[in-house]
Amino acid sequence: MGRFVYYFLAVCILSKSIVAFKQNTECGSSVGCYSDCSGDCTFEVTWREVGTKMEFSMKASLTSLSSGGDWISVALSSDEKMGSDDVFDCITDGTQVLVERSENPGKWNVQISPRDPWITVKTNSYSSGILMCSFEAEKSNAAGIDFDKDWFMFFGTGEWNSNSKKKHGITPKISAEKVDLQKYDVIGGSPMNVMLKLHGIMMISAWILCASIGVVVARYYKPVWLEKKFLGEKVWFTLHRGVMVLAVLFCIAGFTIIFVDRGTFQEIESDSDFKKAHPFIGIIVMCLAIIQPVMAVFRPHPGDNNRVIFNWAHWGVGIVSHFLGVLNILIGVLLDAMQMPIWVVYVVVAYAVYQFLIEFFLEIYDCVSRRKSASEAYEMRDRDSLSKQDTKQDSEYNVKKTILGIHITVICLFTIALIILVSMDLSMYI
């Protein structure tokens, strides 16, 4: 029964409560807005041109105020990557709220002190977990910021430490398109990272499609085609080897895609510790996925004294890699960069529950069948009785073949559903 426990471990998800607020009623009519609003909002940036000035406001929910304070920021960038960005900061220590300016020369932030005279603060507040700042900026300014130009807009949050910003706690939001500050557009979402989506699709194909079929065939279907061969090997072995080789290839493809996209190993920026585990678990899964076929190539022959060691090692590595693979998919759909609504997690959990139930059912089915066969073999010793027993066994195997067909169909449906959900832009439903 220990092999089933991991399906339930994947259901453990931590979350923090966030105070939400309603979207500015002027959005789209007298101010432009960039936010995550879908009924309720957790952040919102507004802008409008007022003569020779630009008027900005930023507002966000904070899960809790850090000991040194917190900041929220909006950055104007010429591209979708951090670097050469102009940043406006709204900072609070719980007692006062300040508006400051900073820059991102590269993958870091530098505060500009003292505050530029061409920035005029209008309204600041921090109340009930919501931080808000509004200010005006001269269009003709010493920093050389061209507000007539279209910009990508970043929004980030993090902790404040005396005179500097700590690194943002979660991945900053990035507008899905460049923002025209002279228009009152309503902007939402972030640009879809195709490579990240492909990475997710490869891992779903490896661990939810291929591995789920491969472990069931190897564990419960060895006797079903005992005398038949396919491609020179026993049918169960050919099926098992085929889908598990595909699983390894999908895993390698997904691993390669994410490294090409990121360029190097990167830790996850998140306010939840379990999300930060994603890249580390991924590396472990990749190593285990490579170890499995290597072990299989050097497996001892049946009857060899070391065969039992191989069987336990192969089973153990397979169980752990499948468990970690599914767990990492569950964590993956929760990552900010994937832009997935929380209910996608329930699809992964539904798969895990189904996989547990089908294996549990087959375990019980085989156990009952073995006991019946042993009892009937003892009672039926004449040739006709043995012939009837063989007929009954064929009938049981036909039932198991039907169950396998249903299992493959259900797993394919789960896989297709998750691939479609990962491929779509669902950021508006977050």
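Residues numbered from 1 in each chain as written. Predicted model: local features only at pLDDT ≥ 70, side-chain atom pairs only at ≥ 80, totals over all residues. Heavy atoms only, no water.

## Things to note about the overall build of the protein chain
Thinking step 1. Looking only at helices and strands, the protein chain features 8 helices and 15 strands.
Thinking step 2. Every one of the 430 residues in the protein chain was classed for burial, and the buried ones make up 45%.
Thinking step 3. Sequence separation of at least 24 residues holds for 64% of the intrachain contacts in the protein chain that already meet a minimum separation of 6.
Thinking step 4. By element, 60% of the accessible surface of the protein chain is carried by carbon and sulfur atoms, the whole surface being about 21,900 Å². (Helix = DSSP H or I, 4+ residues; strand = E, 2+ residues; numbered from the N terminus. Buried < 20%, exposed > 50% of the residue type's maximum accessible area, 1.4 Å probe, protein only. Contact = heavy atoms within 4.5 Å. Areas by Shrake-Rupley, 256 points an atom, 1.4 Å probe, with all protein chains shown as cover.)

## Points about the sheet that holds strand S8 (residues 119-127)
Thinking step 1. Read across the sheet, 6 strands follow the order S8-S9-S3-S2-S1-S13 without closing on themselves; strand pairing throughout is mixed. For this open sheet the edge positions go to S8 and strand S13 (186-188), each flanked by a neighbour on one side alone. The average angle at which neighbouring strand axes cross in this sheet is 10°, direction not considered.
Thinking step 2. Bridge count for S8 against strand S9 (residues 130-138) is 8 bridges, and the pairing is antiparallel. The residue of S9 that forms the bridge with Ser 125 is Met 132. (Pairing = 2+ DSSP bridges. Axes fitted to C-alpha atoms, helices over the stretch in contact; angles between N-to-C directions.)

## Regarding the pattern of salt bridges
Thinking step 1. What the rule picks out here adds up to 15 salt bridges.
Thinking step 2. Between Glu 103 and Arg 101 there is a salt bridge, and its shortest N-O distance comes to 3.7 Å.
Thinking step 3. In this structure Arg 101 comes out as buried when scored by relative accessible area, which is 4%.
Thinking step 4. Between Glu 159 and Lys 166 there is a salt bridge whose closest N-O contact spans 3.5 Å.
Thinking step 5. Residue classification places Lys 166 among the partly exposed positions, given a relative accessible area of 40%. (Salt bridge = Lys/Arg side-chain N within 4 Å of Asp/Glu carboxyl O.)

## A closer look at the packing of helix H3 (residues 235-262) against helix H5 (residues 278-297)
Packed helix pairs are specified by the crossing angle of their axes together with the interaxial distance, meaning the distance between the axes.
Thinking step 1. The N-to-C vectors of H3 and H5 enclose an angle of 145°; their axes lie 10 Å apart at closest approach. Read as a crossing pair, H3 and H5 show a hand that is left-handed. Residues Val 248, Cys 251, Ile 252 and Phe 255 of H3 touch H5, and the partners they reach there are Gly 282, Ile 283, Val 285, Met 286, Ala 289, Ile 290 and Pro 293.
Thinking step 2. Along the lines of polarity and charge, the residues of the contact of H3 with H5 split into 10 nonpolar, 1 polar and no charged. (Left-handed = near helix turned anticlockwise from the far one by under 90°. Nonpolar A, V, L, I, M, F, W, Y, C, P; charged D, E, K, R; others polar.)

## Focus on H3
Thinking step 1. A rise of 1.5 Å per residue sets the reference length of H3, with its 28 residues, at 40 Å; its end C-alpha atoms lie 41 Å apart and thus fit the reference within 8%.
Thinking step 2. Those residues of H3 that sit buried are Val 235, Trp 236, Phe 237, Thr 238, His 240, Val 243, Ala 247, Val 248, Cys 251, Gly 254, Ile 257 and Ile 258.
Thinking step 3. Each element contacted by the buried residues of H3 is listed here: helix H2 (194-220), strand S14 (229-230), strand S15 (233-234), H5 and helix H6 (307-332).
Thinking step 4. After H3 finishes, the residue Gly 263 shows a positive phi value of roughly 85°. (Expected span 1.5 Å × (residues − 1).)

## Comments concerning a nonpolar patch on the surface
Thinking step 1. A surface patch of nonpolar side chains, about 740 Å² in accessible area, is lined by Val 245, Leu 246, Leu 249, Ile 252, Ile 290, Val 294, Val 297 and Phe 298.
Thinking step 2. Mapped onto the nonpolar patch, the elements with two or more residues apiece are H3 and H5.
Thinking step 3. As for its placement among the helices and strands, Phe 298 is situated in the loop between H5 and H6.
Thinking step 4. For Phe 298, a relative accessible area of 66% corresponds to the exposed category. (Patch = residues over 30% accessible without salt bridge, like charges linked within 9 Å, V, L, I, M, F, W, Y side chains within 5 Å.)

## Quick notes on the side chain of Gln 292
Thinking step 1. In this fold, Gln 292 is placed in helix H5.
Thinking step 2. Within the structure, the side chain of Gln 292 is placed 3.1 Å from the backbone oxygen of His 314, a separation counted as a polar contact. (Polar contact = N/O pair within 3.5 Å; in protein donor to acceptor, adjacent residues only side chain to side chain.)

## Description of the pairing of strand S5 (residues 85-92)
Thinking step 1. S5 sits mainly inside the fold: 8 of its 8 residues count as buried.
Thinking step 2. The two faces of S5 match: Asp 85, Val 87, Asp 89 and Ile 91 on one face and Asp 86, Phe 88, Cys 90 and Thr 92 on the other face are all buried.
Thinking step 3. One ladder, built from 7 bridges, connects strand S4 (residues 70-77) with S5; its direction is antiparallel. Looking at the pairing, Leu 76 lines up with Asp 86 of S5.
Thinking step 4. Note: S5 against strand S6 (residues 97-104), 8 bridges, orientation antiparallel.

## Considering the packing of aromatic side chains
Thinking step 1. Counted according to the given criterion, the structure contains 13 aromatic pairs.
Thinking step 2. Here Phe 56 and Phe 135 contribute two aromatic rings whose centre-to-centre distance is 5.6 Å and whose plane-to-plane angle is 25°, an arrangement assigned as stacked. A residue pair is termed long-range when its members are at least 10 positions apart, and Phe 56 in strand S3 (residues 53-61) and Phe 135 in strand S9 qualify at 79 residues. Of the two residues, Phe 56 and Phe 135, neither departs from the other in class, the shared state being buried.
Thinking step 3. When the ring of Trp 312 is compared with that of Trp 315, the centres are 5.7 Å apart and the planes differ by 80°; the resulting orientation is edge-to-face. In this pair, Trp 312 and Trp 315 both sit in helix H6, 3 residues apart, roughly one turn of the helix.
Thinking step 4. Under the relative-accessibility criterion, Trp 312 is labelled exposed at 59%.
Thinking step 5. A residue is classified by how much of its surface remains accessible, and Trp 315, at 39% relative accessible area, is partly exposed.
Thinking step 6. Taken together, Phe 56, Phe 88, Phe 135 and Phe 147 form an aromatic cluster joined through their ring pairs.
Thinking step 7. Over the aromatic face of Tyr 221 sits the side chain of Lys 400, whose NZ or CZ is 4.8 Å from the ring centroid. (Phe/Tyr/Trp six-rings, centres within 6.5 Å; stacked < 30°, edge-to-face > 60°. Lys NZ or Arg CZ within 6 Å of the ring centre and 35° of its normal.)

Any functional reading would require information that these geometric values do not contain.
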